[in-house]
Protein chains: 2
Amino acid sequence: MKFRTVSGILPSGFKASGLSAGIKRSGKPDLALFFSESPCVTAAMMTANAFKAAPLVVSAKHLAAAKTRALIANSGNANCMTGRRGLSDAQEMTACVARHLSVSKEEVLVASTGIIGKPLAIDKIKTAVPGLVSALSVTGMPSAAKAVMTTDTFAKTASLRAVIGGKTVTLCGVCKGAGMIAPRMKMATMLAFCFTDALIEKAALKEALAQAVDDSFNAVTIDNCMSTNDMVVVMANGRAGNRMIRKGTAEAVRFSRLLRQVSVCLAKMIVEDAEGATKFIEVRVAGAGTKASAKELAFGVANSNLFKCAMFGSDPNWGRIAAALGATDSRLKQEDLRIKLNGVYVFNNGKPVGVKGRGLLKGRNVVVDIVTGRGPASATVYTSDLSYGYVRINADYN
Amino acid sequence: MKFRTVSGILPSGFKASGLSAGIKRSGKPDLALFFSESPCVTAAMMTANAFKAAPLVVSAKHLAAAKTRALIANSGNANCMTGRRGLSDAQEMTACVARHLSVSKEEVLVASTGIIGKPLAIDKIKTAVPGLVSALSVTGMPSAAKAVMTTDTFAKTASLRAVIGGKTVTLCGVCKGAGMIAPRMKMATMLAFCFTDALIEKAALKEALAQAVDDSFNAVTIDNCMSTNDMVVVMANGRAGNRMIRKGTAEAVRFSRLLRQVSVCLAKMIVEDAEGATKFIEVRVAGAGTKASAKELAFGVANSNLFKCAMFGSDPNWGRIAAALGATDSRLKQEDLRIKLNGVYVFNNGKPVGVKGRGLLKGRNVVVDIVTGRGPASATVYTSDLSYGYVRINADYN
């Protein structure tokens, strides 16, 4: 199960563009714009971190004030912990886009990703905006997806279609990930933007987003480090011509599934492209009391540095899985615990099962199955290993 | 501040020994014994992990049943997640020592450290016990200290003396650490054994231990991975001839300070010798609402992989400190936050302070000072960086 870029088909009425504004020293693309021909009903979720970046503060205000027409996002600088200047820079980004698109600044959202605590090169951004606006195109998603990358090694988009309310609805998502990824708390996630031509009321869109995030972006961890800039946005412009999707209806359930599927696909790509990763690891917990406790146990394992290092070494050292589970929930019983690695029992019936050795984990994909015997609930979490590559990238980021 | 082995002077009436029983394939010492000529009042704290290793289960029973005469500890195998056989092996260890020392098995405690989920080489241990007993010596601490090491690179002991209740009291501690170190939860710690000739009642000893652990073993983290085998024991044989130290007295406070000082010294050695560590990092939080929240914030930073990688790279990337703080407490305010690295402000008055660059963190010691402006409480936590060495050791442990 290797995820790679799926060509991003933008839904009807959406355009995108991306270019290099010179924010990154490398000269790689660092500025993206997404635009809808008509106003969008928009739902968003943001990091629970106390030190929310300036663009999140500005976007939250704009979301409350107006429908959305555009979203500008830069990589290479998080515009976080940058004081008053950061706030005015984020406002200026939306105002500048608004001027060139002839919309109000409240109709523009802004997102940033990159290093924390450095002033934003706002003049470079302002200089680049006219070109960014004129480059807007229905085929612009690949350029935009590249421009939100930081340590990502491939651009991440996913598009899906489904018939909802009598019409074909398209949903296209784009995201970036790689590091500082542990968006499990409350409403947190990394940068992910979804665009749809579905006609949907705001309450239904918000509910669909919350459900989708729970099983996708809030079910991945790379390094247990929660970001200050996490933000997921879904914009719906209603151009598909479907009957209005209302909360609590069968159509809302269908849309919710569509959004969930795109979100899970994007979230898995983030783990696939985790900083330094050599493994894609699925930690499945079953037999838990509640879904929340199943997820907590799965995160307990997925965030264990010792487990992650063992995976890097293809070492079936399941004792570290047990230690992580026992540290997460002190009520677990050894007798009730079962652990499988890639389908092979390593602990069962209250005692170890002899395993063959490293061959079991040689491949890129690892599935850890855990049964705790405390109830009927289950959850799955996706993570990567902890490798020399992760240390190298993060010792030398600044 | 570089910690190294201090020659362990055992208090009056104590003996120790260590040797190789062949548990470790390397042939390095792996079995230690500590013995008191007279019965000891003993206090102990154990891991809060659900999957407590068999020796902890056996020791807890023995502690409740009798005074203590001896403690046997092996490295190379944790005897954890080993089912019923593990329990009977741990019992057999105490029974075998008891036979050769002519004491009851309830007077013997047992501790283990090493790999989880492998059967213990109990026959090798039983074969080695007679030699271990005959090797007991008042100068045996260095041998015993070596025998509890796993990935430790140096033996860790500390001895201190103080006049309490009219007599000179000696306290000698030994510990092992290196990895799977995050003993902050409830009553957790790694293997640490302290021996004193003080005459002290059990209630005073228990209180002194809880206080000492809070500021020492429960204030360190290497990898945020809580062990199944953590155990700290303090044995007091009363041979110093001091007036009985009773709970709530000035003597109890003095003894508490003595135990705290030895414990902090040992805990710092553990961090100094952390797996792969190239830095010794002190994270100090001041201006917090409570000591508990100050400690939680300090651990938030100390357990951030991104922060630890930045330290490995001597990179003053303080944004990762801010992100970790904000992830830990969502009520923090940017305006109130101050951060210093090795005495130099990097964030103050609600905005970044320009820093010179990497020279600031070139040395082995890093002090991070954080002020959050939420109250009068403070706490200090000790940690190491996350290096290639840590990954290498833990990808290749089994």
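Draft legend 1. Looking closely at the overall build of chain A. The helix and strand inventory of chain A stands at 10 helices and 15 strands. Relative to the compact-globule value of 21 Å for 398 residues, chain A shows a C-alpha radius of gyration of 21 Å, a close match. Taken over the C-alpha atoms alone, chain A extends approximately 70 × 50 × 35 Å along its principal axes. Considering chain A as a whole, with its 398 residues, one finds that 62% of them fall into the buried category.

Draft legend 2. Region of interest: the relation of the copies chain A and chain B. Mapping chain A onto chain B calls for a rotation angle of 180 degrees and an axial translation of 0.0 Å; the resulting RMSD is 0.0 Å. The symmetry that links the two subunits is that of a two-fold axis. Identified as the residue of chain A closest to the rotation axis by C-alpha distance is tyrosine 388 of chain A, at 2.8 Å. Comparing interface residues between copies, 100% of those in chain A also sit at the interface in chain B, which points to an isologous, same-surface contact.

Draft legend 3. Representation of the domain arrangement of chain A within the structure. All names here are of chain A. Splitting chain A by domain gives domain 1 (14–272) and domain 2 (280–395). Its C-alpha centre places domain 1 at a distance of 32 Å from the equivalent point of domain 2. Taken residue by residue, the interface counts 12 residues in domain 1 and 12 residues in domain 2. Those elements giving two or more residues to the side of domain 1 that touches domain 2 turn out to be β8 (220–221) and α6 (250–272). With four residues, the top contributor of residues to the side of domain 1 that touches domain 2 is α6. The residue inventory of the side of domain 1 that touches domain 2, partitioned by class, reads five nonpolar, four polar and three charged.

Draft legend 4. Region of interest: the nonpolar core. Leu33 and Phe34 of chain A together with Leu33 and Phe34 of chain B are the most contacted members of the largest nonpolar core, which totals 286 residues. Beyond its immediate chain neighbours, meaning those up to four positions away, leucine 33 of chain B contacts Ala16, Ser17, Ala70, Ile72, Val97, Leu132, Val133, Leu136 and Ala144 of chain B.

Draft legend 5. Summary view of the interface of chain A and chain B. Listed per partner, the contact involves 53 residues of chain A and 53 residues of chain B. Breaking the side of chain A that touches chain B down by element, the ones donating at least two residues are α8 (305–312), α9 (319–328), β13 (351–352) and α10 (388–395) of chain A. Top contributing element to the side of chain A that touches chain B by residue count: α9 of chain A, with six residues. Looking at side-chain class alone, the side of chain A that touches chain B contains 27 nonpolar, 20 polar and six charged residues.

Draft legend 6. Quick look at helix α1 (residues 54–65) of chain B. All names here are of chain B. Helix length check: α1 (12 residues) gives 17 Å between terminal C-alpha atoms against 16 Å at 1.5 Å per residue, within 8%. Considered for burial, the residues of α1 that qualify are Ala54, Pro55, Leu56, Val58, Ser59 and His62. Here the buried face of α1 lies against β2 (31–46), α2 (83–101), β4 (108–115) and β9 (231–236).

Draft legend 7. Inspection of the sheet that holds strand β15 (residues 377–384) of chain B at higher detail. All names here are of chain B. Ordered in space as β8-β15-β10-β14-β11-β12-β13, the seven strands form an open sheet in which the pairing is mixed. The sheet is open, and its two borders are formed by β8 (220–221) and β13 (351–352), each paired with just one other strand. In the sheet, strand β10 (residues 280–288) pairs with β15 via seven bridges, with the strands oriented antiparallel. Its bridge partner lying in β15, valine 285 is registered against alanine 379.

Draft legend 8. The arrangement of the sheet that holds strand β14 (residues 365–371) of chain A in detail. Residue and element names in this part refer to chain A. Reading across the sheet, the seven strands line up as β8-β15-β10-β14-β11-β12-β13 and stay open at both edges, with mixed pairing between neighbours. Each end of this open sheet is capped by a strand with a single partner; those strands are β8 and β13. Where α6 meets the sheet, it contacts β8, β10 (280–288) and β15 (377–384), and its direction lies at approximately 45 degrees from that of β15.

Draft legend 9. Structural context of the packing of helix α8 (residues 305–312) of chain B against helix α9 (residues 319–328) of chain B. All names here are of chain B. Closest axis-to-axis distance for the α8/α9 pair is 9 Å, and the angle between their directions is 160 degrees. Judged by the angle between their axes, α8 and α9 are roughly antiparallel. Note on packing geometry: the crossing formed by α8 with α9 is left-handed. The segment α8 lies against α9, with Leu306, Phe307 and Ala310 engaging Arg320, Ile321 and Ala324.

Draft legend 10. Region of the structure containing the environment of arginine 320 of chain A. Residues and elements named next belong to chain A. As for its placement among the helices and strands, arginine 320 is situated in helix α9. For arginine 320 and leucine 306, which are 14 residues apart along the polypeptide, the C-alpha to C-alpha distance reads 6.5 Å. In this structure, arginine 320 is in contact with Ser304, Leu306, Phe307 and Ala310, ignoring residues within four places of it in sequence.

Draft legend 11. Fine view of the confidence of the model for chain A. All names here are of chain A. Residues of chain A with pLDDT of at least 70 account for 94%, and the chain-wide mean is 89. β8 is the least confidently modelled element of chain A, averaging 80 in pLDDT, while helix α3 (residues 122–134) averages 97, the highest of any element. Contacts of residues 184–189 to residues separated by more than four positions or lying in other chains number 23 contacts, the stretch itself having pLDDT below 50. Reported confidence for the predicted complex is 0.81 by ipTM and 0.83 by pTM.

Draft legend 12. Fine view of the pairing of strand β7 (residues 191–196) of chain A. Residues and elements named next belong to chain A. Counting buried residues along β7, six of its six residues qualify, which places the element largely inside the surrounding structure. The two faces of β7 match: Leu191, Phe193 and Phe195 on one face and Ala192, Cys194 and Thr196 on the other face are all buried. Judged from the five bridges that link them, strand β6 (residues 167–175) and β7 form a sheet pairing that is antiparallel. If you follow glycine 173 over to β7, its bridge partner there is cysteine 194.

Draft legend 13. Structural detail: unusual backbone geometry. Residue and element names in this part refer to chain A. One non-glycine residue, asparagine 79, adopts positive backbone phi at about 45 degrees. Here asparagine 79 is to be found in the loop between β3 (68–77) and α2 (83–101). Unusually for a residue other than glycine, serine 102 sits at a positive phi of about 55 degrees. Within the secondary structure, serine 102 sits in the loop between α2 and β4 (108–115). For serine 102, a count of 8 C-beta atoms within 10 Å gives the class exposed.

Draft legend 14. Looking closely at the pairing of β9 of chain B. Residue and element names in this part refer to chain B. Most of β9 is tucked away: six of the six residues are buried. Every second residue of β9 is oriented toward a common face, with Met231, Val233 and Met235 on one face and Val232, Val234 and Ala236 on the other, all of them buried. Of the pairings in the sheet, the one linking β2 to β9 comprises six bridges and is antiparallel in character. Counted as the bridge partner of methionine 46 is methionine 231 from β9. Bridge analysis of strand β7 (residues 191–196) against β9 gives six bridges, and the strand direction is parallel. When the sheet's bridge partners are listed, cysteine 194 is paired in β9 with valine 234.

Draft legend 15. The arrangement of the packing of helix α5 (residues 202–215) of chain A against α6 of chain A in detail. Residue and element names in this part refer to chain A. Where α5 meets α6, the axes come as close as 8 Å, and the angle between the chain directions of the two elements is 40 degrees. If you check the angle between α5 and α6, you find them oblique. Of the two possible hands of crossing, α5 and α6 adopt the one that is right-handed. Note on element contacts: α6 touches α5 through Ala252, Phe255, Ser256, Leu259, Arg260, Ser263 and Val264, opposite Ala204, Ala208, Leu209, Gln211, Ala212, Val213 and Asp215. For the contact of α5 with α6, the residue count by class is nine nonpolar, three polar and two charged.

Draft legend 16. A look at α3 of chain A. Residue and element names in this part refer to chain A. For α3, which comprises 13 residues, the first-to-last C-alpha distance of 19 Å matches the rise-based estimate of 18 Å (1.5 Å per residue) to within 8%. Considering bend angle alone, the principal kink of α3 is centred on alanine 128 and spans about 35 degrees; proline proline 130 follows within four residues of it. When we look at burial in α3, the residues that qualify are Ile122, Ile125, Ala128, Val129, Leu132 and Val133. Buried residues in α3 make contact with β1 (14–19), β2 (31–46), β3 and α2.

Cut-offs and rules
- Here, residues in each chain are numbered from 1, in the same order as that chain's written sequence.
- Chain letters and ligand numbers both follow the written order, the letters beginning at A and the numbers at 1.
- In keeping with the predicted nature of the model, local features appear solely for residues at pLDDT of at least 70, side-chain atom pairs appear and are counted solely at 80 or more, and the whole-chain, interface and lining totals rest on all residues.
- Numbered from the N terminus, helices here are DSSP runs of H or I no shorter than four residues, and strands are runs of E no shorter than two.
- A radius of gyration in this sense is built from C-alpha atoms; the matching globule rule multiplies 2.2 Å by the number of residues raised to 0.38.
- Exposed residues have 12 or fewer other C-beta atoms within 10 Å of their own C-beta, buried residues have 20 or more, and residues in between are partly exposed; the C-beta atoms are placed from the backbone.
- Least squares is used to superpose the copies, and the fit set is the C-alpha atoms of residues whose pLDDT is at least 70 in both copies.
- By definition, residue pairs are in contact when their C-beta atoms, positioned from the backbone, come within 7 Å.
- Annotation comment: domain bounds sourced from an automatic or database domain assignment.
- Only Asp, Glu, Lys and Arg are considered charged, only Ala, Val, Leu, Ile, Met, Phe, Trp, Tyr, Cys and Pro nonpolar, and every remaining residue, Gly among them, polar.
- A set of buried residues drawn from Ala, Val, Leu, Ile, Met, Phe, Trp, Tyr and Cys, joined through C-beta atoms within 7 Å, is what defines a nonpolar core.
- Between the first and last residue of a helix there are one fewer steps than residues, each counted as 1.5 Å, and that sum is the expected span.
- Whether two strands pair depends on DSSP finding at least two bridges between them.
- Axis lines are fitted through C-alpha atoms, for helices just across the contact stretch, and the angle between N-to-C directions can take any value from 0 to 180 degrees.
- Should an angle fall under 35 degrees it is called roughly parallel, over 145 degrees roughly antiparallel, and 65 to 115 degrees roughly perpendicular, with every other angle called oblique.
- Crossings are sorted by hand: turned counterclockwise from the far helix by less than a right angle, the near helix makes the crossing left-handed, and turned clockwise it makes it right-handed.
- The pLDDT score gives, residue by residue, the confidence of the prediction method on a 0 to 100 scale.
- The angle separating two fitted axes, one through the seven residues that finish at a residue and one through the seven that start at it, defines the bend at that residue.

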